[in-house]
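A closer look at the structure
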Amino acid sequence: MSMKLKHYNELDGIRAIAVIMVMFYHFFKDVTVQNDILLIVQKLSLFGKTGVSLFFVLSGFLITRILLNTKQDDSYFKSFYIKRFLRIFPLYYFFLLIYYFVVPLFLHQPVAGFSQQVWYWTFMQNFALTFDWNSVGPIHYWSLSVEEHFYLFWPLVIYYCSVKNIKWAILSLCVISFFVRLILIENHIEESLFTFARFDELAIGSFLAILELEKKLMKENLKKFVAVFIIFLIPLIYISLNNGNYSLLESCARYLILAMVYGSFVAIAIIIEPENWIKKMLTNNILKSIGKVSFGLYVYHPICFHLIINELIITNLTLSFLLTFGLAYIVSILSFNLLERKFLKLKERFSY
């Protein structure tokens, strides 16, 4: 029988930081800035795309700890997949309906053919984007397909493997991801969106769940996690300063390095005392409220940004920033309360 898992409020704050990072990246990616300070901000915003890596680490941790906790339950597979369905599918497909059939009406654009849409309806969009198949859809959805692919097989690994063999599976995913990236890069194929090239980040998050199970996410190990954070932060800073001009080794290793930095940070955030300023920051009400609707923010923000920046054509950058982020937050709040909450309540019928 599963036990009630402890809820870490600080992870809501980390989830908020992850989605804010991604939004910053998307906002500044295509805008033109001339102010020197804003130019620096724009350059720093490039790091925001690694917010997806932080999401992957968090997802790996949260999903694996649930699976480990429910491993002995008779409804292990049923409960897991139904709850994932109720959390992901309603918003995922609702936005696709908006993207394919509502937005074109307002923008006076033709509706994409089903042969172009099908990859998004079947969670295969990142394959289509990687191998340049004929596809049209919300490009940022690629990361959702990576997570869904992980959910297809990882519950089987947890269920049938001992903790020792789960560790070997985690190591195997890291090795596989490294060499898949190597193969793709050597063949001049974009590696960053492909499922098997990003599993190492989810694997590192899963390893944190193993450490929690083994009672190693404890205060006495804080210095070890800080050491890991610093050790991997140094090469991450070095790689980041190359402005995208990565060597082959850097291109193959950077996502694993990112995962180690973010994974150790998540561990530190969990371990530190409540009075620590980092913990206080991560658990403040603003970040918690953003973290609560982070899925909606991730899904809706590109279309909100497009509406403000490209359709209303607001030239004042500050006003554009406030309106885009504000609109995305309002839409996400409405979506959570009018759509997602109804399905989330159904999750309560299936125990963890």
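See the structure above.
One structure accompanies this document, and this report is about it. Since this is a predicted model, take the numbers as computed values, not measurements.

Its identity is not glycine, yet His 108 carries a phi of approximately 55 degrees, on the positive side. Within the secondary structure layout, His 108 lies in the loop between helix 4 (76-107) and helix 5 (114-121). With a relative accessible area of 73%, His 108 lands in the exposed category. Located in the positive-phi region is His 188, a residue other than glycine, with phi close to 60 degrees. Considering the arrangement of structural elements, one finds His 188 in the loop between helix 8 (163-186) and helix 9 (199-213).

Quick look at a nonpolar patch on the surface now. Together, Leu 97, Phe 101, Val 102, Leu 105, Phe 106 and Val 111 line one region of the surface with nonpolar side chains, adding up to about 600 Å² of accessible area. Look at Phe 106 and you get exposed, because its relative accessible area is 66%.

What follows concerns the packing of helix 3 (residues 51-69) against helix 7 (residues 142-160). Where helix 3 contacts helix 7, the two axes come as close as 11 Å, and the packing angle between them is 25 degrees. When the axis of helix 3 is compared with that of helix 7, the two are roughly parallel. Where helix 3 crosses over helix 7, the two elements pack in a sense that is right-handed. Note on element contacts: helix 7 touches helix 3 through Trp 142, Ser 143, Val 146, Glu 147, Tyr 151, Trp 154, Pro 155 and Ile 158, opposite Val 52, Phe 55, Phe 56, Ser 59, Ile 63, Thr 64, Leu 67 and Leu 68. The residue inventory of the contact of helix 3 with helix 7, partitioned by class, reads 12 nonpolar, 3 polar and 1 charged.

The rules we used
Residues numbered from 1 in each chain as written. Predicted model: local features only at pLDDT ≥ 70, side-chain atom pairs only at ≥ 80, totals over all residues. Heavy atoms only, no water. Helix = DSSP H or I, 4+ residues; strand = E, 2+ residues; numbered from the N terminus. Buried < 20%, exposed > 50% of the residue type's maximum accessible area, 1.4 Å probe, protein only. Patch = residues over 30% accessible without salt bridge, like charges linked within 9 Å, V, L, I, M, F, W, Y side chains within 5 Å. Areas by Shrake-Rupley, 256 points an atom, 1.4 Å probe, with all protein chains shown as cover. Salt bridge = Lys/Arg side-chain N within 4 Å of Asp/Glu carboxyl O. Axes fitted to C-alpha atoms, helices over the stretch in contact; angles between N-to-C directions. Parallel < 35°, antiparallel > 145°, perpendicular 65-115°, else oblique. Left-handed = near helix turned anticlockwise from the far one by under 90°. Contact = heavy atoms within 4.5 Å. Nonpolar A, V, L, I, M, F, W, Y, C, P; charged D, E, K, R; others polar.

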